[in-house]
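# Topology and contacts: notes
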Amino acid sequence: MKKYIICLFLFFVLCFAIPIFFTSPFKPKQVSNSNIQNGITVESTYDYNQYKTVKLLHKKTQKIENLPLDEYLYGVVSSEMPASFEKEALKAQAVVARTYTLYKMMQNKGKHKNADICDDSSCCQAWISKEDRLKKWDEKVKEEYWNKIVNAVNETQGKMITYEGKPINAFFHANSGGTTETPINVWGGSGYPYLQTVQTAGEEAYSQYASKITVNKSEFEKTIKKEHSNFKIDFNQKDCIKIKEYTQGNRIKNIQVGNLELSGVEMRNLFKLRSANFKIKIEKEEITFEVTGYGHGVGMSQTGADSLAKQGKTYEDIIYHYYTGVKIKDI
């Protein structure tokens, strides 16, 4: 009798219970494109198949060109980083540029209307065609350099930098002057947790590390008055220009200039300085800016990446050095 009851129970389970479970709205959710971080499932709602083609806006012509993602990246990497740099640095740039592109495509819908991204480095990231790139390189090295760029992109194919399962806003710049900057000190806002201040040795060996700009005093006043008509300064006063506060990245945060208190970023923009890390010297009729670094200083330093590669670091090492708490994953 017991055997009969057990058999009957099993028959019921096979015929009724299991089918009900698989058609029930209460069955466990199938999570796709997800990963586990700190014991929490982070789900991605992105379909990466739709990001295989980049709609690139050419700023000068206002025409849109459709390019396969990696083919587009050949033009970005060859435009953004010298091909003479170490291969691991170029590979890091390829992953950073791919991640930056995906982030723009996902987050900035409508910024360029029907395009995903533009070829203007002041807006998105630089890009150059293979034909134009080869024209700019010396005949002896152009094929070698192009193959080096292509290999750097191809050998990191599909790799992107993620934070909590999503592509990061992978900022990069030319030279940090030894220390990178947090976004809040450049653009304000709450910033990004993966963009912290880090240090890199060896950047002083690059031409982008130091620069100098000199203007006469009348030009100095005129430049500031274009934006601040109430500006006044007495150069006879000892502290007519005084740095009030530095950022964690050793850049000027606030500076007193005559009757105004300005940010280091605004001073950089006004006088077209390479960086907000600068010193000011007041001489007889001139003012000299001695600048360290090149760029906003946020994210990966390109010369820093090359310096790390020369020290034997891999592209993964470089990425994990500049971006905090991230993971490199396949698209």
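All of these numbers come straight from a predicted model, not from anything done at the bench.

## Some remarks on the nonpolar core
Formed by 61 residues in total, the largest nonpolar core has its most connected members in Y72, I161, M300, I318, I319 and Y323. Elements supplying a minimum of two residues to this core: β3 (53–58), α2 (69–80), α3 (87–107), β5 (117–118), α5 (142–154), β6 (159–163), α9 (302–310) and α10 (315–322). Among the elements that line this core, the one with the most residues is α3, at 11 residues. Once residues lying within four places of it in the same chain are set aside, the contact partners of I319 are A92, V95, I161 and I328.

## As for the packing of α9 against α10
The N-to-C vectors of α9 and α10 enclose an angle of 135°; their axes lie 10 Å apart at closest approach. Relative to α10, α9 is oriented oblique. Regarding α9 and α10, the two cross each other, and that crossing is right-handed. Across the interface between the two elements, G304, A305, L308 and A309 from α9 touch I318, H321 and Y322 from α10. The residue makeup of the contact of α9 with α10, split by class, is 5 nonpolar, 2 polar and no charged.

## So, α10
Residues of α10 that are buried: Y315, I318, I319 and Y322. Angular distribution of buried residues about the axis of α10 spans 95°; they occupy a single face of the element.

## What about the pattern of salt bridges?
All told, the structure shown has 13 salt bridges when counted by the stated rule. For E155, the salt bridge goes to K91, with nearest N and O atoms at 3.6 Å. Of the two residues, E155 is situated in the loop between α5 and β6 and K91 in helix α3; the sequence distance between them amounts to 64 residues. By relative accessible area, which is 43% here, E155 ends up partly exposed. The partner of E139 in a salt bridge is K142, with the nearest N and O atoms 3.1 Å apart. A relative accessible area of 19% places K142 in the buried class. When salt bridges with common partners are traced through the structure, they connect K87, E88, K91 and E155 into a single cluster.

## Description of α9
In terms of residue burial, α9 counts as a mostly covered element, since 8 of its 9 residues are buried. All of the buried residues along α9 are Q302, T303, G304, A305, D306, S307, L308 and A309. Residues of α9 that are buried sit in contact with α2, α3, β8 (172–173), β15 (300–301) and α10. G312, located one to two residues past α9, shows a positive phi value of around 95°.

## Quick word on the packing of aromatic side chains
Aromatic ring pairs are reported here in terms of the distance separating the ring centres and the angle at which the planes meet. Following the criterion strictly, the structure yields 14 aromatic pairs and no others. Plain terms: the ring middles of Y100 and F172 are 6.2 Å apart, the flat faces sit at 75° to each other, and that makes the pair edge-to-face. Here the residue Y100 occupies a position in helix α3, and F172 occupies one in strand β8, the gap between them amounting to 72 residues. Comparing Y100 with F172, the two get one shared label, buried.

## Points about the packing of α2 against α5
The axes of two packed helices give the description: the angle between them and the distance between them. Running from amino to carboxyl end, α2 crosses α5 at an angle of 125°, the nearest separation of the two axes being 9 Å. By the criterion of interaxial angle, the relationship of α2 to α5 is oblique. In terms of crossing hand, the pair formed by α2 and α5 is right-handed. Of the residues in α5, those touching α2 at D70, L73, Y74, V77 and S78 are W146, I149, V150, V153 and N154. Split by residue class, the contact of α2 with α5 holds 7 nonpolar, 2 polar and 1 charged.

## So, the side chain of Q125
Inspection of the secondary structure assignment puts Q125 in the loop between β5 and α4 (130–136). A distance of 3.1 Å separates the side chain of Q125 from the side chain of Y72, its partner in a polar contact. At 2.8 Å, the side chain of Q125 forms a polar contact with the side chain of T101. Not counting residues up to four positions away in its chain, the partners in contact with Q125 are Y72, V76, E80, A97, Y100, T101, I117, C118, D119, D120 and F172.

How each quantity is defined
Per-chain numbering applies: the sequence of each chain, read as written, is numbered from 1 onward. Whole-chain, interface and lining totals are the exception, using all residues; otherwise, since this is a predicted model, local features are given only for residues with pLDDT of at least 70 and side-chain atom pairs are given and counted only at 80 or more. To obtain the side-chain values, all non-hydrogen atoms of the structure were used and water was disregarded. In plain words, nonpolar cores are sets of buried Ala, Val, Leu, Ile, Met, Phe, Trp, Tyr and Cys residues tied together by side-chain atoms within 4.5 Å. For each residue, the accessible area found with a 1.4 Å probe, counting protein chains only, is set against the maximum for its type, and the residue is called buried under 20%, exposed over 50%, and partly exposed in between. Strands are runs of DSSP state E lasting at least 2 residues, helices are runs of H or I lasting at least 4, and numbering of each runs from the N terminus. Here a residue-residue contact requires only that any non-hydrogen atoms of the pair lie within 4.5 Å. Here the axes come from fitting lines to C-alpha atoms, over the contacting stretch only for helices, and the angles between their N-to-C directions go from 0 to 180 degrees. Oblique is the label for any angle not covered by the other classes, which are roughly parallel (under 35 degrees), roughly antiparallel (over 145) and roughly perpendicular (65 to 115). Left-handed describes a crossing in which the near helix is turned anticlockwise from the far one by less than a right angle; the clockwise case is right-handed. Three residue categories are used. Nonpolar comprises Ala, Val, Leu, Ile, Met, Phe, Trp, Tyr, Cys and Pro, charged comprises Asp, Glu, Lys and Arg, and polar comprises the others, including Gly. Each C-beta atom gives one direction from the helix axis, and the arc is the one those directions make. A carboxyl oxygen of Asp or Glu within 4 Å of a side-chain nitrogen of Lys or Arg is what we treat as a salt bridge. Centre distance within 6.5 Å is the pairing criterion for rings of Phe, Tyr and Trp, where only the six-membered ring of Trp is used; planes under 30 degrees apart are then read as stacked, over 60 as edge-to-face, and the remainder as tilted. The definition of a polar contact used here is a pair of N or O atoms within 3.5 Å, where within protein one atom must be able to donate a hydrogen and the other to accept one, and adjacent residues in sequence count solely through side-chain atom pairs.

Honestly, it's all geometry; don't read function into it.
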